[in-house]
Amino acid sequence: MDQSQNLLAKQSKDVEFQDVYYTVKERKNFWRVSGERRILNGVSGSFRNGQLSAIMGPSGAGKSSLLNAISGFRRDGVTGNIKMKRDNACYITQDDHHQTLLTVEELMNLACDLKLKNRHKKAEIMTDILENLHLNHRRNVTAEKLSGGERKRLSIALELVDNPNIFFLDEPTSGLDEVTAAQCIRMLQAMAQEGRTIVCTIHQPSATIYNYFDSIYVLAKGQCVYQGSPRATIPFLRLAQLDCPRHYSPSDYIIELVDAEDGHLVPALSDLTENGKLIYVASQSDQLAPQQAVTTMFLEQQKRPFLPAFFAGSAASTDGTLIGGTSALLEQVKAFSKRLHTDRRDISGLRQFIVLMRVMLLRITRARLALTIQLFHHLLCGLFFGLIFFQLGNQGGRMFDHLKFCIGAVLMIVYTQVMVPILSYPAEVKVVKKETFNRWYTLTPYYMALTVSRLPLQVLLNITFMAVTYWMSGLPQQFWRFGIFVAVGLMISLVAEGMGLAIGATFSITNGSVVGPMIIAPLMGLAVYGFDFAPQISGGMQLLMKFSYVRVGVVSLVLAVFGFQREELDCDAIYCHFSDPRVLLKFLDVEKVSMLHQFGLLAMLMLFFRVMMYISLRKRCSA
Ligand SMILES: Nc1ncnc2c1ncn2[C@@H]1O[C@H](COP(=O)(O)OP(=O)(O)OP(=O)(O)O)[C@@H](O)[C@H]1O
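What you see is a predicted model; the values in this text were computed from it and never measured.

(A) Representation of the sheet that holds strand E4 (residues 78–83) within the structure. The strand order E2-E1-E4 describes an open sheet built from three strands, whose pairing is antiparallel. Both outer strands of the open sheet, strand E2 (33–47) and E4, are each paired with one neighbouring strand and no more. Sheet twist, expressed as the average angle between the axes of neighbouring strands with direction ignored, equals 15°. As paired strands, strand E1 (residues 15–27) and E2 are joined by eleven bridges and run antiparallel to one another. Looking across to E2, one finds that Phe-17 is bridged to Gly-45. Contacting E1, E2 and E4, helix H2 (residues 63–71) runs over the sheet at an angle of about 70° to E2.

Written out as structure tokens, the structure is:
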């Protein structure tokens, strides 16, 4: 490969952006947008291949927003020109969203199964990565028990499986002590030297860590106030008549300057960098040499001969003097990086589905405490119901108790199945967003695996609750009737779970736990409306009631208990009006309703919520 070919290959791994704006809508309340707020103000810049670049700035400057915008992790509200090869990039979030119940080895297995076509090399690649990131001894530890630094290394290890060229990391050193943070940055430096483009945000690095970077991009109030090599920071500030005091770290100094309350220096410094269009590099004579930062992306092919001069200039900032020696860790990372030539090709949807199913089932069984609590909850609720309605199931004089039994059972299922995903699913959405963004899998196989993998648990929990309730309340000893009773419970729980997932995929835990009950309340109202004057209910209301799956569930349960030519109930008094089940069905105006029709309605409502969930998830993952 001659020099110009080399440069073009490197260039395809660069990240360049021009006039990027990021605007968010500000809301007065849930319904009203009160205005817009501009977070990024037309910034430009470039991050070169083979370099470790830092986006720095005071808190709230827009560092994460810039990282999200240029990586494509956030798209809504972002405008401007961004050049970056998406299929070669990965994003590592600040909070290291992992499947916390899986061990390091299981997570690596998952990443390999989803990313590598040729699985023969899986064990070798896994060991290589884990050894080199010093995680091999933690193979059997679950992600939730890892330390902050180990978790960060695990995030990197998982992405290294398919050897991407561009890494975006949001605050990789947050929560780490100085030594661990320095180790982490040196590891990233070694990865960059292996031919990757590494861009990370960092709040205020120490002087040592500052000098590990090849390139620094400082943001303040959504504008670029410096871009260039760390060595060039002090000479750059001199251009604006700002003298960094002796023994003061340039990173501390520049942040303090731009973090002043009135921010009066921000426009002047931003002008000096042309809001990121200029990059400053220090030459050997310590004279500043401003270069054009955004040069390649929008130039026509024929203008490219300018490139070599540009790279020659920026290469000066990556010389060894800034790095300060190479540790054994750097050498190791470099060596193993060379061996990582993975053959990532498209993995079929079916294989993604199978791998994800396996992992989801493993996760369900791994969450033993949650599983035990759920089982006990269903068993105890069953016993509680059984005791309240003990042997009342065949009493012809207790019509209201029969109705309370059906309504109570449906409400117990609905509340349990709606609230669990509302409280647990929002955390998973973050993992899904990260993993789909990093091309572990696509949304459809994930969604299918999620739906199918939860079925066995649903069946088990429902059978537990329904069986105890059915037999204790003294309903007819007919196995087929019991089967229908359980099937109704299962259908209701699947609809309720779908609704919980749709809410969990759309809202945060705080908002979801308000929205969930808010939606259930009117559905409950519709469920119990007009039981004592059912035949007089208007047509419009009847239609509305069909949308309440709680109502549909109650009617289905009533049919399961009293329909299908059930024999007359016992009567202790002289006369029991409802001892003939047909009288009760007629009173409730459901004597002509077919069970099949009810199942059809429940299936449609289930489909509706599950489609809503899918749409919401897709929107969240692509926002
Ligand atoms: N979706 C959003 N809606 C409203 N405001 C937002 C949104 N995203 C970011 N902001 C605001 O934009 C500003 C910049 O946020 P950002 O997270 O990018 O800052 P940062 O420099 O990374 O800060 P920190 O170092 O504290 O993490 C903050 O004031 C933040 O509140």
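Once you've had a look at it, read on.
(B) Local environment of the site of the ligand. Surrounding the ligand, one finds 14 residues, the nearest of these being Ser-59, Gly-60, Lys-63, Ser-64 and Ser-65. At a separation of 2.9 Å, an oxygen atom of the ligand approaches a polar backbone atom of Gly-60. One of the backbone N or O atoms of Ala-61 is found 3.1 Å from an oxygen atom in the ligand. Elements with a minimum of two residues in the shell around the ligand: E1, E2 and H2. The biggest single contributor to the shell around the ligand is H2, with three residues. Grouping the amino acids of the shell around the ligand by side-chain chemistry returns five nonpolar, six polar and three charged.

(C) Layout of the nonpolar core. Of all hydrophobic cores here, the largest spans 89 residues; its most connected members are Ile-156 and Tyr-446. The dominant element in this core, judged by the number of residues it contributes, is helix H6 (residues 178–193), at eight residues. Split by domain, this core shows at least three residues from each of two domains, domain 1 (3–15 + 45–76 + 166–182 + 194–319) and domain 2 (357–622). Setting aside anything within four residues of it in sequence, one finds Ile-156 in contact with Ile-92, Leu-133, Phe-167, Leu-169, Met-187, Leu-188 and Met-191. Counting residues in hydrophobic clusters, the runner-up holds 60 residues, among them Leu-392, Tyr-549, Ala-560 and Val-590.

(D) Geometry of the confidence of the model for the protein. Looking at the protein as a whole, its pLDDT mean stands at 83, while 86% of the residues score no less than 70. Contacts of residues 295–326 to residues separated by more than four positions or lying in other chains number 58 contacts, the stretch itself having pLDDT below 50.

(E) Broad picture of unusual backbone geometry. Look at Glu-171: it is not a glycine, yet its phi comes out positive at around 45°. Mapping Glu-171 onto the fold places it in the loop between strand E6 (166–169) and H6. In this structure, Gln-565 is a non-glycine residue whose phi angle is positive, near 50°. Tracing the chain through its elements places Gln-565 in the loop between helix H22 (549–562) and helix H23 (581–587). When its relative accessible area of 77% is taken as the criterion, Gln-565 is described as exposed.

(F) Representation of the packing of aromatic side chains within the structure. Applying the stated rule across the entire model yields 24 aromatic pairs. With 6.0 Å between their ring centres and 40° between their planes, Phe-385 and Phe-389 make a pair best called tilted. The two residues Phe-385 and Phe-389 agree in class, both being buried. For the pair Tyr-447 and Tyr-614, a centre-to-centre distance of 5.0 Å together with 70° between the ring planes defines the contact as edge-to-face. Of this pair, Tyr-447 sits in helix H17 (residues 443–453) while Tyr-614 is found in helix H24 (residues 595–622), placing the two residues 167 residues apart along the sequence. For Tyr-447, a relative accessible area of 13% gives the class buried. An aromatic cluster is built from Phe-385, Phe-389, Phe-405, Phe-465, Tyr-470, Trp-471, Phe-479, Phe-482 and Phe-485, whose rings are joined through pairwise contacts. The positively charged end of Arg-86 is found above the aromatic ring belonging to Phe-437, 3.9 Å away from the centroid. Its end group placed over the ring of Phe-73, Lys-433 keeps NZ or CZ at 4.6 Å from the ring centre.

(G) Fine view of the pattern of salt bridges. Scanning the entire structure with this criterion turns up 19 salt bridges. Residues Lys-83 and Glu-16 are paired through a salt bridge, measuring 3.6 Å at the closest nitrogen-oxygen approach. One end of the pair, Lys-83, is in strand E4; the other, Glu-16, is in strand E1, and 67 residues separate them in sequence. Ionic pairing is found between Glu-497 and Arg-610, a salt bridge with its closest N-O pair at 2.7 Å. Within this pair, whereas Glu-497 is found in helix H19 (residues 479–506), its partner Arg-610 is found in helix H24, the two being separated by 113 residues in sequence. Note on accessibility: Glu-497 and Arg-610 belong to one class, buried.

(H) Looking closely at the packing of helix H16 (residues 399–437) against helix H20 (residues 509–528). One way to put it is that H16 packs onto H20 with a least axis distance of 10 Å and a crossing angle of 160°. Accordingly, the angle class assigned to the pair H16 and H20 is roughly antiparallel. Here H16 and H20 pass one another in a crossing that is right-handed. In contact with Ile-407, Leu-411, Val-414, Tyr-415, Val-418, Met-419, Ile-422, Leu-423 and Pro-426 of H16, H20 contributes Ile-509, Gly-512, Ser-513, Gly-516, Pro-517, Ile-520, Met-524 and Val-528. Residues that form the contact of H16 with H20 fall into these classes: 14 nonpolar, three polar and no charged.

(I) Geometry of helix H5 (residues 148–160). Its 13 residues place the ends of H5 18 Å apart at the C-alpha level, agreeing with the 18 Å of an ideal helix rising 1.5 Å per residue. With eleven of its 13 residues buried, H5 lies for the most part within the structure. Of all the residues in H5, the buried ones are Gly-149, Glu-150, Lys-152, Arg-153, Leu-154, Ser-155, Ile-156, Ala-157, Leu-158, Glu-159 and Leu-160.

(J) Summary view of the UniProt feature "transmembrane region" (unreviewed entry) in the protein. UniProt records the feature "transmembrane region" (unreviewed entry) for residues 375–393, 405–426, 446–472, 484–507, 513–531, 543–564 and 595–617 in the present numbering. Here residues 484–507 runs as 96% helix and 0% strand, with 34 Å between its end C-alpha atoms. Secondary structure content for residues 543–564 is 82% helix and 0% strand, and the end C-alpha separation is 25 Å.

(K) Focus on the side chain of Lys-434. Here Lys-434 lies in helix H16. We note that Lys-434 is buried and unpaired, the nearest opposite charge coming from Glu-159 at a distance of 4.5 Å. Residues contacting Lys-434, with those up to four places away along its chain left out, are Phe-73, Tyr-91, Thr-93, His-97, His-98 and Glu-159.

How each quantity is defined
Going along each chain's sequence as written, the residues are numbered from 1 onward. Two thresholds apply to this predicted model, a pLDDT of at least 70 for residue-level local features and 80 or more for giving and counting side-chain atom pairs, whereas whole-chain, interface and lining totals are computed over all residues. Only hydrogens and water are set aside; all other atoms, that is, all heavy atoms of the structure, feed into the side-chain values. Strands are labelled as partners when DSSP assigns at least two bridges between them. Secondary structure follows DSSP: runs of H or I at least 4 residues long count as helices, runs of E at least 2 residues long count as strands, and numbering of each begins at the N terminus. Every axis corresponds to a line fitted to the C-alpha atoms, with the helix fit spanning only the stretch in contact, and the corresponding angles, defined between N-to-C directions, vary from 0 to 180 degrees. Contact criterion: two residues are considered in contact whenever any of their non-hydrogen atoms come within 4.5 Å of each other. Whether a residue is near a molecule or strand depends on its heavy atoms: if one lies within 4 Å, it is near. Think of a polar contact as two N or O atoms within 3.5 Å of one another; within protein, one of them needs to be a possible hydrogen donor and the other a possible acceptor, and neighboring residues in sequence only count if both atoms come from side chains. Classes in brief: Ala, Val, Leu, Ile, Met, Phe, Trp, Tyr, Cys and Pro nonpolar; Asp, Glu, Lys and Arg charged; the others, Gly included, polar. We call a set of buried Ala, Val, Leu, Ile, Met, Phe, Trp, Tyr and Cys residues a nonpolar core when their side-chain atoms join them within 4.5 Å. Each residue is placed in one exposure class: buried if its accessible area under a 1.4 Å probe, protein chains only, is under 20% of its type's maximum, exposed if it is over 50%, and partly exposed if it falls in between. Domain delimitation follows an automatic or database domain assignment. A score between 0 and 100, pLDDT records how confident the predictor is in each residue. Aromatic contacts are taken between Phe, Tyr and Trp rings whose centres are within 6.5 Å, Trp giving its six-membered ring; a plane angle under 30 degrees counts as stacked, one over 60 as edge-to-face, and the others as tilted. Either the NZ atom of lysine or the CZ atom of arginine qualifies as a charge over a ring when it sits within 6 Å of the ring centre and within 35 degrees of the ring normal. Every case where a carboxyl oxygen of Asp or Glu lies within 4 Å of a side-chain nitrogen of Lys or Arg is listed as a salt bridge. Orientation labels follow simple angle bins: below 35 degrees gives roughly parallel, above 145 gives roughly antiparallel, 65 to 115 gives roughly perpendicular, and whatever is left gives oblique. Less than a right angle of anticlockwise turn of the near helix away from the far helix marks a crossing as left-handed, whereas a clockwise turn marks it as right-handed. An expected span of 1.5 Å times one less than the residue number is assigned to each helix. UniProt positions are given in the numbering used here, feature names are shortened, and annotations may be inferred rather than shown by experiment. Under this rule, positive means Lys or Arg and negative means Asp or Glu; His and the chain ends count for nothing.

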